[in-house]
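Remarks on the overall topology
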Amino acid sequence: MLVGSIILFVSILAGKASSRFGAPMLLFFLLVGMAFGTDGVGIEFDNFAAVQFVGMLSLSIILFSGGMDTSFSEVRPVLKEGVVLATLGVVLTTLFTGSIIYFVSGWLGAPIPFTLALLIAAVMSSTDSASVFAILRSKRVGLKENLRPLLELESGSNDPMAYILTVMLIQVNQGGGGEFLDVAFTFLKQMGVGALSGYLLGKGATIVVNRINIGNKSLYSVLLLSLVFFTASFTDLLGGNGYLAVYIAGIVMGNHKLSHKKTLATFLDGVTWLMQIVMFLMLGLLVNPHELKDVVFIGLIVGAAMIFLTRPLSVWLSLLPFKGLSTKARHYISWVGLRGAAPILFATYPKLAGLDPNNTIFNIVFFITIFSLVVQGTTVGGMARVLDVADKSPEKGFDIDLPDEVKAALTEVDIIEGGVRDGALLKDIKLPERTLVMMIRRGDKYIVPNGSTVLHRGDKLLLISEEIQVQAPQIQHREHIILWDSIKQFIKR
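Model, not experiment: these values are computed from the prediction.

Turning next to the overall build of the protein. The helix and strand inventory of the protein stands at 20 helices and 8 strands. When each of the 493 residues of the protein is scored for burial, the buried share is 48%. Across the protein, every contact between residues at least 6 apart in sequence was considered, and the portion connecting residues at least 24 apart equals 81%. With the model as given, the accessible surface of the protein reaches about 23800 Å², and the carbon-plus-sulfur share is 64%.

Next comes the structure, spelled out in structure tokens:
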């Protein structure tokens, strides 16, 4: 407990330092784990089975949390592109990268069978979004052309695809892959059952949370965890993909009205961070840095090929039918293909299956992940500006939610240019009936207003209304309403 608490504390400090360097927190968590491992402080840890179990729990929570934070209204315009990238894109990445691993290993004099090369590529075929958006938020960089929801959808839904390919290719390398039709049936069953189960169980979980009426509100968080683990394991029992199921269940629950949603979101965010840190630390502890020197050369070649060749080629081929994205946007999607915790976790599967007795596959995947995080992870914000897809992130609003028993609605309204003149008073503003201004945000300051409060353009107002559904009113000064009507008539003429 003492050692574990110290490692967690050091990890938090390292995560805090990561924003200063513009690097993903994941990289620092992995480095902390390596620092406390055999070649560092000296903690000996080689329990791949324990890491795989903890990783399965962690990935289930991480994917569910990502689904909960996904707004379907934002994802809908890029749904087709995201699904194609998360399926066809993963398959193409596996095929292209596997071919390069096969030829490079032969050129180096240590040939790897083609099916095993494909397995290594499948392990690394999924991307990591948590690091990407942590950097974007820290640098206050937004993205144009709906790139943020597209990348979120791709990274949240391509882990299940990589998992399916990994398991199927392990069976092939063990000599039990079966016929092509059997492989295709297994794939369709995993995806179909996973998607349907996630949707239905997400609907059911929403009904349970809203109707169970537990006296102790803290137990809702425990209930949510039980529903997440049930969704993943029950779907797996049915022969579907549990990772896909929890992600879809998260989207379903996150886009419905949910009792104690604010409390659940806060709890889930904390648990997600804890599970990520624990998983990354355990993965770091597994690695013996002195063994990485044996895979540096092939790791650099394959890592560079994935960044500059196989990922861009897979993205461009996958997005050929879609004409809505600009060339710069496609380049940026190609660049944001960071490898993360999922590839390292999936690398434990060949190890436990007896296909990686010397940890060669695990070390190659780990090295390429570090290489990707260093090269791509530190340049996410800069590349967005270079390709001119960066957009100013929206100003922070009000992180306030009302209890369920309060029958009222909160609405945020921006006072835009031309809405009011600087110096207008709050009492002169026309508001809907039974609506009050609770608070004003001006820059980083919060103001509790009264009728004589002076308003300025750019202020953000928090309104409370007795109505359950209230639309954001257009905030205008009474004198300016008359002036604006005159301007509109002049423009029409």
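Additional details are given in the paragraphs that follow.
Attention now moves to the nonpolar core. Counting 116 residues, the largest nonpolar core has Leu-30, Phe-64, Tyr-332, Ile-333, Phe-346 and Phe-366 as the members making the most contacts within it. Aside from chain neighbours lying at most four places away, what touches Ile-333 is Leu-85, Leu-147, Leu-150, Leu-151, Arg-311, Val-315, Leu-319 and Leu-325. Membership of the second largest hydrophobic core comes to 9 residues, among which are Leu-426, Ile-429, Val-437 and Leu-463.

A few words on the pattern of salt bridges. Here the structure, examined in full by the defined rule, presents 3 salt bridges. As a salt-bridge pair, Glu-154 and Arg-311 come within 2.8 Å of each other at their nearest N and O atoms. Pair noted here: Glu-154 is in helix α8 (residues 147-173) and Arg-311 is in helix α14 (residues 296-318), with a separation of 157 residues, a long-range link. The buried category is assigned to Glu-154, whose relative accessible area is 2%.

Attention shifts here to the packing of aromatic side chains. Throughout the structure, instances matching the rule amount to 13 aromatic pairs. Centre to centre, the rings of Tyr-163 and Tyr-349 are 5.7 Å apart; their planes meet at 80°, and the pair counts as edge-to-face. Here Tyr-349 lies in helix α17 (residues 348-352) and Tyr-163 lies in helix α8, a separation of 186 residues in the sequence. Classification of Tyr-163 as buried rests on a relative accessible area of 16%. For the pair Phe-308 and Trp-335, a centre-to-centre distance of 5.9 Å together with 55° between the ring planes defines the contact as tilted. You can see Phe-308 sitting in helix α14 and its partner Trp-335 sitting in helix α15 (residues 327-335), a full 27 residues away along the chain. Overall, the relative accessible area of 56% leaves Phe-308 in the exposed class. Three or more aromatic residues link up through ring pairs in this structure, and these residues are Tyr-163, Tyr-243, Phe-346 and Tyr-349. Here the basic side chain of Arg-330 rests over the ring of Trp-316, its NZ or CZ set 5.9 Å away from the ring centre.

A few words on a nonpolar patch on the surface. A contiguous nonpolar surface patch, about 400 Å² in accessible area, is contributed by Leu-95, Tyr-102, Phe-103 and Phe-114. Looking at which element gives the most residues to the nonpolar patch, the answer is helix α5 (residues 79-107), with 3 residues. Relative to the assigned elements, Leu-95 resides in helix α5. In this structure Leu-95 comes out as partly exposed when scored by relative accessible area, which is 40%.

Here the focus is the confidence of the model for the protein. Per-residue pLDDT for the protein averages 83, and the proportion of residues at 70 or more is 85%. Low confidence marks residues 468-473, where pLDDT is under 50. Its contacts with residues over four positions away, or in another chain, come to 12 contacts. Predicted confidence for residues 478-487 stays below pLDDT 50, and this span has 10 contacts to residues more than four positions away or in other chains.

A word on the side chain of Glu-81. Looking at the secondary structure, you find Glu-81 in helix α5. Of the side chains bearing the opposite charge, Arg-330 lies closest to the buried Glu-81, which forms no salt bridge; the N-O distance is 7.6 Å.

Attention now moves to the pairing of strand β8 (residues 460-465). When you tally the buried positions in β8, you get 5 out of 6 residues, the bulk of the element. As paired strands, strand β3 (residues 409-414) and β8 are joined by 6 bridges and run antiparallel to one another. Of the residues in β8, the one forming a bridge with Asp-414 is Lys-460. In the sheet, strand β5 (residues 435-442) pairs with β8 via 6 bridges, with the strands oriented antiparallel. When the sheet's bridge partners are listed, Thr-435 is paired in β8 with Ser-465.

Cut-off values and rules
- Residues numbered from 1 in each chain as written.
- Predicted model: local features only at pLDDT ≥ 70, side-chain atom pairs only at ≥ 80, totals over all residues.
- Heavy atoms only, no water.
- Helix = DSSP H or I, 4+ residues; strand = E, 2+ residues; numbered from the N terminus.
- Buried < 20%, exposed > 50% of the residue type's maximum accessible area, 1.4 Å probe, protein only.
- Contact = heavy atoms within 4.5 Å.
- Areas by Shrake-Rupley, 256 points an atom, 1.4 Å probe, with all protein chains shown as cover.
- Core = buried A, V, L, I, M, F, W, Y, C linked by side-chain atoms within 4.5 Å.
- Salt bridge = Lys/Arg side-chain N within 4 Å of Asp/Glu carboxyl O.
- Phe/Tyr/Trp six-rings, centres within 6.5 Å; stacked < 30°, edge-to-face > 60°.
- Lys NZ or Arg CZ within 6 Å of the ring centre and 35° of its normal.
- Patch = residues over 30% accessible without salt bridge, like charges linked within 9 Å, V, L, I, M, F, W, Y side chains within 5 Å.
- pLDDT = per-residue confidence, 0-100.
- Lys, Arg positive; Asp, Glu negative; His and termini not counted.
- Pairing = 2+ DSSP bridges.

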